[in-house]
Amino acid sequence: MKIIAYGIRNDELPFLREWENNNPDVEVKVETELLDSTTVLEAEGFDGVVAYQQKPYTKEILDKLGEFNIRYLSLRNVGTDNIDVEAVSKNNITVTNVPAYSPNAIAELAITQIMRLLRNTKRFETKQRNGDLRWAPEIGEELHTKTVGIFGTGRIGRVLLDICRGFGAKVIAYDPFRNPELEKQGIYVDTPDDLFKKADIISLHVPAVKENEHMVNEKTLSEMKDGSYIINAARGTLIDTDALIKALDSGKMAGVALDTYEGEVGVFNEDFPYFSAIPDEKLKNLMERDNVLVSPHIAFYTKTAVQNMVEFSMDANRDLIKTGNSDKVVKF
Ligand code: NAD
Ligand code: COI
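Described in the following lines is the structure provided in the data block.

About the criteria used
- Residues numbered from 1 in each chain as written.
- Chains lettered and ligands numbered in written order.
- Predicted model: local features only at pLDDT ≥ 70, side-chain atom pairs only at ≥ 80, totals over all residues.
- Heavy atoms only, no water.
- Salt bridge = Lys/Arg side-chain N within 4 Å of Asp/Glu carboxyl O.
- Helix = DSSP H or I, 4+ residues; strand = E, 2+ residues; numbered from the N terminus.
- Buried < 20%, exposed > 50% of the residue type's maximum accessible area, 1.4 Å probe, protein only.
- Near = heavy atom within 4 Å.
- Polar contact = N/O pair within 3.5 Å; in protein donor to acceptor, adjacent residues only side chain to side chain.
- Areas by Shrake-Rupley, 256 points an atom, 1.4 Å probe, with all protein chains shown as cover.
- Nonpolar A, V, L, I, M, F, W, Y, C, P; charged D, E, K, R; others polar.
- Pairing = 2+ DSSP bridges.
- Axes fitted to C-alpha atoms, helices over the stretch in contact; angles between N-to-C directions.
- Contact = heavy atoms within 4.5 Å.
- Expected span 1.5 Å × (residues − 1).

Throughout the structure, instances matching the rule amount to 29 salt bridges. Across the pair Arg17 and Glu20 runs a salt bridge, and its minimum N-O distance is 2.6 Å. Remark: Glu20 and Arg17 occur in helix H1 (residues 13-22); sequence separation between them is 3 residues, near one turn of the helix. Overall, Arg17 belongs to the partly exposed group, its relative accessible area being 39%. Here the residues in one salt-bridge network are Arg9, Asp11, Glu12 and Arg76, joined through shared partners.

Here it is, written out as structure tokens:
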């Protein structure tokens, strides 16, 4: 059995080597480059492909896999929004993802950013670099006095919900597909608008499907309380960036934390020689604000999560090749 793994980073390699040791019957080829229309040519002769990337899995790539008779593609991450679904089906490719490599990793980054915003840590750090160690005017706020609105009570949303409860915050939620346990606890509001109106802090945890595109927009932002906060560690397309910048300009928003951003592909996880070389004016505008925290899609990036991403995706690809099935098959 032969698997080719694309886009393998140095931090993933030890986990991949460990997996190989535990699976001596599988031959693994490590490719450090991402899967694209050129590197796909290396997949010829392999039984399965393991990959992680935010770049699109295009028709061209998927047609080539089909031509090579490769029917198994295993992603090392959760999101499947960058896959050409038609080409997957046309080429009879089965896709797996890793739906729960560590929901805690993302929820913990979300709570970190919530606390940083409430306690104005970015402003304090900037002042301190200039020798200013005074308190005022950066007086903070306490989470237990706030209502947190969780948009999406899936794996990650539910962990954040528990964490916020641990801090003593009031938690409300919206999800079009309600969790029965949470339903019993009466935490759901009836409409997205109710969540925007009632929460002091909104944290987004829904997929980047068409109906959620720009769900945070001029209208929804205007419904939010003055001085509220938004956290997006889900997907960049959920927020209309222009509308967000306007809401920050007007003072409507007290703070924003973005771990995902609509223009992030080709920008996040890249090294630019200096700040002004970042090729996205809106992103720089956001990054320069003292009440906006931008992190370059790092919520997932913990040792626990990365180890699970490698192990679970390799297991899934091996299972597909062996049995034609896996418990991680994505239903598009
Ligand atoms: P999940 O599938 O467990 O939960 C998603 C929730 O969104 C579900 O409860 C679902 O009912 C709800 N939902 C709302 N609108 C929906 C719609 N139109 N269609 C389907 N479901 C809808 O997902 P999760 O693992 O909790 O992930 C949440 C988000 O976090 C996703 O966007 C995912 O891509 C993103 N994510 C980000 C990172 C990161 O590093 N920042 C890492 C992993 C996942
Ligand atoms: C996902 O798993 O969907 C993520 O968003 C994390 C990815 C950048 C590795």
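Turning our attention to the site of ligand 2. In the vicinity of ligand 2, the residues found are Tyr52, Asn77, Val78, Gly79, Tyr101, Arg235, His297, Phe300 and Met309. One of the side-chain N or O atoms of Tyr101 is found 2.6 Å from an oxygen atom in ligand 2. Arg235 is positioned such that a nitrogen or oxygen atom in its side chain is 2.6 Å from an oxygen atom of ligand 2. In isolation ligand 2 offers 280 Å² of accessible surface; the protein chains occlude 94% of this area. Partitioning the shell around ligand 2 into residue classes produces 5 nonpolar, 3 polar and 1 charged.

Read from one edge of the open sheet, 6 strands run S7-S6-S8-S9-S10-S11, paired in parallel fashion. Every interior strand has two partners, whereas the edge strands, strand S7 (170-174) and strand S11 (292-294), have only one. Direction aside, the axes of adjacent strands within the sheet are offset by 15° on average. Examined bridge by bridge, strand S8 (residues 201-204) and strand S9 (residues 228-232) share 4 bridges and lie parallel to one another.

For His144, the location among the structural elements is in the loop between helix H5 (121-129) and strand S6 (147-151). The spacing of His144 and Gly168 is 24 residues in sequence and 4.6 Å in space, taken between C-alpha atoms. With sequence-adjacent residues up to four places away left out, His144 is seen in contact with Phe167, Gly168 and Ala169. In terms of polar contacts, His144 uses its side chain to reach the side chain of Glu142, at 2.7 Å.

Another point: helix H12 (residues 303-323). A rise of 1.5 Å per residue sets the reference length of H12, with its 21 residues, at 30 Å; its end C-alpha atoms lie 30 Å apart and thus fit the reference within 8%. Taken from the residues just after H12, Gly324 is the one with a positive phi, measuring 80°.

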